[in-house]
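# An overview of the molecular structure
Here is what each chain is made of, one letter per residue.
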Amino acid sequence: MSNEEITKLKVAVVTINQPSLNSACALVPYLYDYDVDVYGKVDLTHNLETLNIYKKLDDILEPAWKGYDAIICILAMGAVVRKIAPFLKDKATDPGVLVINLDLSKIVPLLSGHLGGANELSDIIASRIEGCENFITTATDQTKTLAFEMFAKKNGLEIHNLKQLALISNSLLNKKQVEVNTYESIFNTISNNENLIRVDECSGDLCVNITPFEGKQLTLKPAIYLGIGCNRDTSFEDIEASVFWFLNKYNLKIEQIKNIASFEAKSDEKGLLEFTTKYNFDIKFFNKEEINSLEQEFSPSQATKFFDLKGVAEPSAVLLSKYSELIIKKEVYEGKITLAMAV
């Protein structure tokens, strides 16, 4: 988690009596880079700028569940379990829930340790409070086993078929081999790749699909990057039609596109600029030197003849992309627009 992400996190600190409110007052200074709200009972003393008063714990838990990234409870763990039980949905959407004791010496990430960020938040708190012990129960953390949901979170991968995660995690914990259907450039970023084997196609359920395409297995979708080339004065309507033709052909959605790129000679193409404005893309234009600096070979292109370029759509997509991996070579729409895709 980056510092920028940390500052955006909203944290609720829930207390139940004077001792737990005293603990909250001591805890808040350690959460200096979070947006923190403390909840407590009326007529209790504190040194906070603001205390959110409640009468019954049940009155605040549902809005807290929906409105905060994490909830830190300074009360009995059993009470916390009983009170949050009605709100549990799934690990993809539930907030991180932590329980810390009165003297701030022990903290437990109780719920949503990975995707909800509870483990990471408890790590940060324990590192800031001298003598505070972080009691993480997640097996992958304790055994230093790869957790694919954390890999996805840290790399901005969209998670699908999350119900398959338990099968994958348990298999890795049991030292079984797991297939990873992905590109070499992405596979090489998995630092803890023990018991993983890269494949070009999943052979069964014991596989993680890290591509932009749908699969029945646990799927972690990277963002896609489009490179576009077009004839002079190509209309907005044709640009729009070509992009959706390309996406439909490969069963992709426009929401998966992170950004679009082209050659700098196309920087004044009204139709292209109108399209990127409508769909809120911050289009990037690359110059001749940048395009020709790429070492890989690309599909034959008219750009070689007219601009002495290696290409437009394919190299632009590669230059723009995160992993520099061209995954769909140039496609031509009605003889006037070229599109290629990279991750």
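Nothing here was measured: the structure is a model prediction, and the numbers come from that model. (Residues numbered from 1 in each chain as written. Predicted model: local features only at pLDDT ≥ 70, side-chain atom pairs only at ≥ 80, totals over all residues. Heavy atoms only, no water.)

## Brief notes about the sheet that holds strand 3 (residues 52-53)
- One open sheet accounts for 7 strands, arranged 3-2-1-4-5-6-7; its pairing is mixed. Looking along the sheet, the strands with just one partner apiece sit at the ends: strand 3 and strand 7 (133-134).
- Bridge analysis of strand 5 (residues 96-100) against strand 6 (residues 106-111) gives 4 bridges, and the strand direction is antiparallel. When the bridges of strand 6 are listed, Leu98 appears paired with Pro109. (Pairing = 2+ DSSP bridges. Helix = DSSP H or I, 4+ residues; strand = E, 2+ residues; numbered from the N terminus.)

## Structural notes on the packing of helix 10 (residues 236-249) against helix 11 (residues 270-278)
- Direction vectors running N to C along helix 10 and helix 11 enclose 60°, while the axes themselves pass 7 Å from each other. Put simply, helix 10 runs oblique to helix 11. Crossing of helix 10 over helix 11 shows right-handed handedness. Of the residues in helix 11, those in contact with Phe236, Ile239, Glu240 and Val243 of helix 10 are Gly271, Leu272, Glu274, Phe275 and Lys278. (Axes fitted to C-alpha atoms, helices over the stretch in contact; angles between N-to-C directions. Parallel < 35°, antiparallel > 145°, perpendicular 65-115°, else oblique. Left-handed = near helix turned anticlockwise from the far one by under 90°. Contact = heavy atoms within 4.5 Å.)

## Comments concerning the environment of Asp123
- Note that Asp123 resides in helix 5 (residues 118-128).
- Measuring from C-alpha to C-alpha, the distance between Asp123 and Glu133 comes to 8.9 Å, with 10 residues separating the pair along the chain.
- Those residues in contact with Asp123 that lie beyond four places of it in its chain are Asn134 and Ile136.

## A look at the pattern of salt bridges
- Enumeration according to the criterion identifies 12 salt bridges in this entry.
- The residue Glu269 makes a salt bridge to Arg232 at a minimum N-O spacing of 3.0 Å. Of this pair, Glu269 sits in the loop between strand 14 (257-263) and helix 11 while Arg232 sits in the loop between strand 13 (224-230) and helix 10; the two residues are 37 residues apart in sequence, bridging distant segments of the chain.
- A salt bridge links Asp238 to Lys336; the nearest nitrogen and oxygen atoms lie 2.8 Å apart. Of this pair, Asp238 sits in helix 10 while Lys336 sits in the loop between strand 16 (326-333) and strand 17 (337-342), and the two are 98 residues apart along the sequence.
- Overall, the relative accessible area of 26% leaves Lys336 in the partly exposed class.
- Each of the salt bridges in this network shares a partner with another, and the network as a whole consists of Arg232, Asp268 and Glu269. (Salt bridge = Lys/Arg side-chain N within 4 Å of Asp/Glu carboxyl O. Buried < 20%, exposed > 50% of the residue type's maximum accessible area, 1.4 Å probe, protein only.)

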